[in-house]
Amino acid sequence: VDIIIRPVLTLISLLPCQLQVQLGELRRGNVIEGTEEITVDTGIDTHCSVDCQRRPHLSIKVPGYQWSRWSMIINRESNTDTWLPTEKSQRTLYETSGDDQYANEMKTVLQLEHICDGGAQLQLIMSVGPGPVPVIRFYAQYWIIDKTALGLNFTCGTKAATQLEPECLRKTYLSRNLQKDIPESEMKADGHEWSLGMSGMTLFFSSEKTISFAVGGDDSSSNWSSPIDVDKPMPESVKTAISVEDFIDSKRFELAYNVTRCRSLFSRTSIIAFYPRYQVVNLIGEDIYVAQEGALGFNTHISKQSCVHISGLDSQLPSKIRFSVAPVLDLWTLGGIELDKIGITSIRIPTVTEETLVVQCEVRLASKKQDSAVVVVIWASNEEQNPLYLLKNTSQKTVFCAQLLSQNTDDQVSQQNQSLSFVDNFLQCGSGCDSRAYDDDLHNGFVWTLGPGESKVFGFCNPEKSHILQWSVNQSDILLQRANDAEIDTVGFSNSCVMSNGRELSCSVQADRSTKVVLFSCDDGVVSYDDFAAGIEDFVALSLKVDLPGISVSVIDNASQVASAREIFLVNVEDWKLTIAQSREGFHELEAKLARLQVDNFIFDTNHRVLLSSKLNEEEFLHMTLVRRLQDDQATMVLSYAAFKLLDLDISLDRKTAETISRFLHPLHRSREDNINEEWIAALTSKLSARYSRVRVKASHEIEKMAYTANTGRIYLEHLHIHPIRFFLTFTQQEVEDVDPEAEEFIAIQFIREMASITSAPIIFTSFIVSNAFESSQSLVGIIGTHYSSQLSNQMFSILGSLTILKVPADFLSNVGSGVKDFFYEPIQGLVHGPEEFLTGLEAGTFSLARGGVVA
């Protein structure tokens, strides 16, 4: 006979701060008397005993707060009729939606009063898991993390427009008046920052599951934000932008936030994190100043190898910043960097000396580990580390060149005036220019002087102006009086002029490793593309074709500890064709076609036997083409054409299938989840406390690595066409008897469990069409991934009924190459050329993107 002795009561604290619990029992005269006082450690089961016949109650205390009122322990399911609360008790109950995995637990909202008069109230949740041994969990509905260092006030979203009492606000900072009145013992308790609301941390409750915030001290200096729906968690990498206006002037606070679900045993709580929208990182090796365009007198100093956050901008000025190393002399860059446009450029910063300071500046969406939504990184550009642009002169002539800042369209100007106009265009660039004659001694930085055999790193005076470089030599060596224009962002561009000795001086743009090289050379030193193609005619023409009628792949689930391995999915691919070739003209060619795809679902008792299937069409379900142009430098990849088309897909899913997929994938993520424990909370609290007041922090190794990767492995894409994609999603909600607790770790499963049944809901992704893109592979993958993930997140939120509209913190499309075209047309209308068709169309000078008139 097995005799099992179990405790009467189990207490679990899921709070990031110290928790004290006082147990009480109902005595004569309906008086509650305390029987035991316990300190409950975070995440660790604490066992105790009570007399169940005496209607046990409990009260809790956290640092900085008084004991809560007595609350009765109800060991019943929340939907039972065996216990009906009083009207007063009903107001303290916290109900969750019926599809919540913890909906059967009896939840009570406990209200705690601050130990100081005027301090904010705190509301925590007590949840009783019914059973022979009731398990009582204490947790906060939301943890708020404030990384803005601005000091934020919070309230429920629906109350933001009303007159609020100080007791109704939660804050991420502690006022001095309150701090001096709080006992020292409370300030030394573990996690007091969370309960008191200080150092960028606080706990929050909202019955409406909305939140609003305002910026600044005890009397907020900004308006209240519009209500934010914080009911649904987001992917960890998603940070959505939000702004609030200042009370008095035109200042606008630019922030970002995300809502994520705590993992492991803390999954009842969501984390709302607020970030500064922009972060500027200085890696150029010397101090630098930044200021918003139009407000150069209000500049911010950034010491070398450090970063600052930019949260406040003038709403009446453009969201651009300019740079200076000597602001007292008014030496600022002529052009600015747009904070809300992702991309990389090279810019010249005026200096007090004749030395030229060229820096690269990249605006990039921050990773989930970085404490902002957008990161602006600037670093010195030098020839040894793959600069973005390099001017190189291999001729025996001195070449002068400058960015074209204004376009003179008057063709009737005299030759002499044309020459002067060319010089005038130079003089419009930058501060400190004078009207000295155009000669070899002119080297103010905005006119680049290249002696014979010399090379220089190039930066734009104004990256917002046209990326056209005007170039010339001494007048005695030029027969044509008009200066030549070079489109330096177009690899393969070339033009030339004839000098007085009859020889040609050519300018060509080439991709050399990760650099666009603007090469000036005489006729015996330049190799045109036609000459290059003629020189490789002896290359062997190769072609490999693979044609498979079908491929089947079976997916076996052996992750279960109790059941034997069994087949869960069968992937069928029909009529798969692959062609790999090398042409005599110097191209590598790849073409892949797939006629049909279907994934059969063999999970027991599922509602849908086909998980994924392509629709029947006369055309191939998938068509992909890749054409690579061979280069002298094999380290540089130049893709002349890359295209991808995917026709409509039907996806049929139910909850049980999602649970099975979660269990199947979970072992790949187990090591990360094992680290989510009470030590993780202590480390998070310590880190936030140390960094809250530090506006300037040292640049992280991750950001330094980001600058390095931006200068390596760049790919030049002449034409990239990813046609629109459309899925039709059918989902069936169902009861699952054996709920897998490990599945709670995945945000996708959290979404699935809250979804209602839907039929053929369209999930639409717009096109991604771009030309002349020169990006690192890591950056390009990130941009394309953001393009699709942002659309998917917003559409999934809409399907779930959330009011949240995710706003990407920056435009990540317009600065890629010539700008991305993202529009929708029927996927079947997309046109993917085969390699031979593309090369034939290239010779003709045009080719279409889609049937019906969308033409590039």
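It should be emphasised that the depicted structure is a prediction, and the values quoted were computed from it without experimental measurement.

Taken together, the 4 strands give an open sheet; going across it, the order is E12-E11-E14-E15, and neighbouring strands pair in antiparallel fashion. Sheet topology places strand E12 (170-171) and strand E15 (228-229) at the edges, where each strand pairs with a single neighbour.

Another point: the pairing of strand E42 (residues 610-614). Of all 5 residues making up E42, 4 are buried, and the element is well covered by its neighbours. The sheet contact formed by strand E41 (residues 587-601) and E42 spans 3 bridges and is antiparallel. The residue of E42 that forms the bridge with Gln 598 is Ser 613. Pairing of E42 with strand E45 (residues 649-654), which is carried by 3 bridges, proceeds in the antiparallel orientation. Looking across to E45, one finds that Ser 613 is bridged to Asp 650.

As a further point, take the sheet that holds strand E28 (residues 357-365). Across the sheet, 6 strands lie side by side as E27-E28-E29-E19-E22-E46; this open sheet has mixed pairing. The two strands at the open ends of the sheet, each matched to only one other strand, are strand E27 (343-349) and strand E46 (697-698). In the sheet, E27 pairs with E28 via 7 bridges, with the strands oriented antiparallel. Directly across from Ile 349, in E28, lies its bridge partner Leu 357.

What follows deals with the packing of aromatic side chains. Going through the model one piece at a time under the given rule, you end up with 14 aromatic pairs. An angle of 70 degrees between the planes, with centres 5.9 Å apart, marks the rings of Phe 727 and Phe 765 as edge-to-face. With Phe 727 in strand E48 (residues 725-732) and Phe 765 in strand E49 (residues 758-765), this residue pair connects regions lying 38 residues apart in the sequence. Ring centres of Phe 765 and Tyr 788 lie 5.6 Å apart, and the angle between their planes is 65 degrees; on these two criteria the pair is classed as edge-to-face. Of this pair, Phe 765 sits in strand E49 while Tyr 788 sits in helix H12 (residues 777-799), placing them 23 residues apart in sequence. Note on accessibility: Phe 765 and Tyr 788 belong to one class, buried. Ring pairing ties together the aromatic residues Phe 154, Phe 213, Tyr 257 and Phe 274, which thus form one cluster. When the ring centre of Tyr 275 is taken as origin, the NZ or CZ atom of Lys 239, which lies over that ring, is 4.4 Å away. Above the ring of Phe 728, the side-chain terminus of Lys 615 is found at 5.0 Å from the ring centroid.

Definitions and limits used
- Residues numbered from 1 in each chain as written.
- Predicted model: local features only at pLDDT ≥ 70, side-chain atom pairs only at ≥ 80, totals over all residues.
- Heavy atoms only, no water.
- Pairing = 2+ DSSP bridges.
- Helix = DSSP H or I, 4+ residues; strand = E, 2+ residues; numbered from the N terminus.
- Buried < 20%, exposed > 50% of the residue type's maximum accessible area, 1.4 Å probe, protein only.
- Phe/Tyr/Trp six-rings, centres within 6.5 Å; stacked < 30°, edge-to-face > 60°.
- Lys NZ or Arg CZ within 6 Å of the ring centre and 35° of its normal.

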